[in-house]
Amino acid sequence: AQKVTQAQTEISVVEKEDVTLDCVYETRDTTYYLFWYKQPPSGELVFLIRRNSFDEQNEISGRYSWNFQKSTSSFNFTITASQVVDSAVYFCALTLGAQKLVFGQGTRLTINP
Amino acid sequence: GAVVSQHPSWVICKSGTSVKIECRSLDFQATTMFWYRQFPKQSLMLMATSNEGSKATYEQGVEKDKFLINHASLTLSTLTVTSAHPEDSSFYICSARGTLYEQYFGPGTRLTVT
């Protein structure tokens, strides 16, 4: 069955530190998509990235980068030079069938000034 | 682009009354929308999948008579919590599916039943 595990429940770092959020997934599908979402204190989930199962290229967007490794079923997210505004709950998600997403439990990231 | 609105953002109602929550895709047509429920410090729990023009598909354990979903147009889905009780108090979030399985989320509705 499809499953997403975010083992880090909470992470707290000091501003400007780099931080990596782990995501490990399980799926029987050969074609699937992985996602990261950010949920700031306001509550609205913000779409950050989509990655399909055939594209293992790492992606960088500003201070954000993602490392997708099929061999270890992982899709980790790194924030470099973290800022207070990065404080949020981050969810990793995996497609479930043709429509749904299954979410991990989320990692609460706190960036302290 | 890909903006989803939700209304109201918060609502307080008395036990036994019904509450309707609207979810709109503002700049794209959404054939599929989803309704989630989120408890404090927990992940999102999918309640139902709503396809335009057809009946919603509910997840196991979700009472379809209590949580009525209507997706009458390509830009609007509604969730009605009927005969609400305090245990229905929660954060309800809708989303609309994009072209490649991504979902765009509304800002959520915080429901408090007194």
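Residues numbered from 1 in each chain as written. Chains lettered and ligands numbered in written order. Predicted model: local features only at pLDDT ≥ 70, side-chain atom pairs only at ≥ 80, totals over all residues. Heavy atoms only, no water.

Undergrad: For this particular structure, what's the right way to read the interface of chain B and chain A?
TA: The figure often quoted for interface size is the accessible area lost as the parts come together. Counting residues at the interface gives 23 residues for chain B, matched by 20 residues for chain A. Our count for the chain B to chain A interface comes out at two salt bridges. Residues R50(A) and E102(B) are paired through a salt bridge, measuring 2.8 Å at the closest nitrogen-oxygen approach. At the junction of chain B and chain A, the tally comes to six residue pairs in polar contact (both at pLDDT 80 or more). Going through the elements one at a time, β4 (32-38), β5 (44-51), β9 (90-97) and β10 (103-105) of chain B are the ones with two or more residues in the side of chain B that touches chain A. (Contact = heavy atoms within 4.5 Å. Salt bridge = Lys/Arg side-chain N within 4 Å of Asp/Glu carboxyl O. Polar contact = N/O pair within 3.5 Å; in protein donor to acceptor, adjacent residues only side chain to side chain. Helix = DSSP H or I, 4+ residues; strand = E, 2+ residues; numbered from the N terminus.)

Undergrad: Sorry, what's going on with the state of the cysteines here?
TA: The term disulfide refers to a covalent linkage connecting the sulfur atoms of a pair of cysteines. Residues and elements named next belong to chain B. Going through the model one piece at a time under the given rule, you end up with two disulfides over all chains. The partner cysteine of C23 in its disulfide is C94, sulfur to sulfur 2.0 Å. Taking the torsion about the sulfur-sulfur bond, which here is approximately 80°, the covalent link between C23 and C94 counts as right-handed. Taken together, the positions of C23 in strand β3 (residues 19-25) and C94 in strand β9 put the pair 71 residues apart, joining distant regions of the chain. Each member of the pair, C23 as well as C94, is classed as buried. C94 supplies the cysteine sulfur nearest to C13, a cysteine that is in no disulfide, at a spacing of 18 Å. Owing to a relative accessible area of 8%, C13 belongs among the buried residues under this scheme. (Disulfide = S-S within 2.5 Å. Buried < 20%, exposed > 50% of the residue type's maximum accessible area, 1.4 Å probe, protein only.)

Undergrad: Please explain the sheet that holds strand β1 (residues 4-7) of chain B as it appears in this structure.
TA: Through backbone hydrogen bonds, the strands of a sheet pair up, either in parallel or in antiparallel fashion. All names here are of chain B. A sheet is described by the order of its strands in space; here four strands give the open sequence β1-β3-β8-β7, paired in antiparallel fashion. Looking at the sheet topology across the chains shown, the edges are occupied by β1 and β7 (67-73). Here the average twist between neighbouring strands, direction ignored, is 15°. Of the strand pairs in this sheet, β1 and β3 are connected by four bridges, and their pairing is antiparallel. Following the sheet pairing, S5 is matched in β3 by R24. (Pairing = 2+ DSSP bridges. Axes fitted to C-alpha atoms, helices over the stretch in contact; angles between N-to-C directions.)

Undergrad: Sorry, what's going on with the layout of surface pockets here?
TA: Once rolled over the atoms, a probe with the size of a water molecule shows which space is left empty. In this structure, the largest pocket occupies an estimated 510 Å³ of space. Taken together, 29 residues line the largest pocket, and the ones lying closest to its centre are R108(A), Q38(B), P40(B), K41(B) and Q42(B). Secondary structure elements with two or more residues in the lining of the largest pocket: β10 (88-96) and β12 (107-112) of chain A together with β9 and β11 (109-113) of chain B. Put simply, the second largest pocket is a space of about 200 Å³. Lining the second largest pocket we find 14 residues, and of these R37(B), M45(B), G61(B), V62(B) and F67(B) sit closest to its centre. A per-element tally of the lining of the second largest pocket places β5(B) first, with three residues. (1 Å grid on protein atoms, 1.4 Å probe; cavity = no way out; pocket = protein on both sides within 12 Å on 5 of 7 lines; lining within 4 Å. Points joined across faces, edges and corners; volume = space filled by probe spheres on them.)

Undergrad: I'm lost on the side chain of Q6(B) in this one. Help?
TA: Residues and elements named next belong to chain B. Relative to the elements of secondary structure, Q6 occurs in strand β1. Of the polar contacts made by the side chain of Q6, one reaches the backbone nitrogen of C94; its length is 3.1 Å. Residue contacts for Q6: discarding those within four places in its chain leaves I21, E22, W35, Y92, I93, C94, G106, P107, G108 and T109.

Undergrad: Is there a simple way to explain the nonpolar core in this structure?
TA: Side chains that are nonpolar tend, in soluble globular proteins, to be buried together. Ranked by size, the top nonpolar core spans 26 residues in total, and within it F67(B) and L111(B) carry the most contacts. Listing elements by their share of this core, those giving two or more residues are β2 (10-13), β3, β4, β5, β7, β8 (76-81), β9 and β11 of chain B. (Core = buried A, V, L, I, M, F, W, Y, C linked by side-chain atoms within 4.5 Å.)

Undergrad: In this structure, what is going on with the pattern of salt bridges? I would like to understand it.
TA: Two side chains with opposite charge may pair up if their charged atoms get near one another. By the definition in use, this model includes seven salt bridges over all chains. Residues K66(B) and D88(B) are paired through a salt bridge, measuring 2.9 Å at the closest nitrogen-oxygen approach. Placement of K66(B) in the loop between β6 (57-58) and β7 and of D88(B) in the loop between β8 and β9 is noted, with a sequence separation of 22 residues between them. Accessibility assignment for this pair places K66(B) and D88(B) in one class, buried. One continuous salt-bridge network, built from bridges that share partners, spans R51(A), D55(A) and E59(A).

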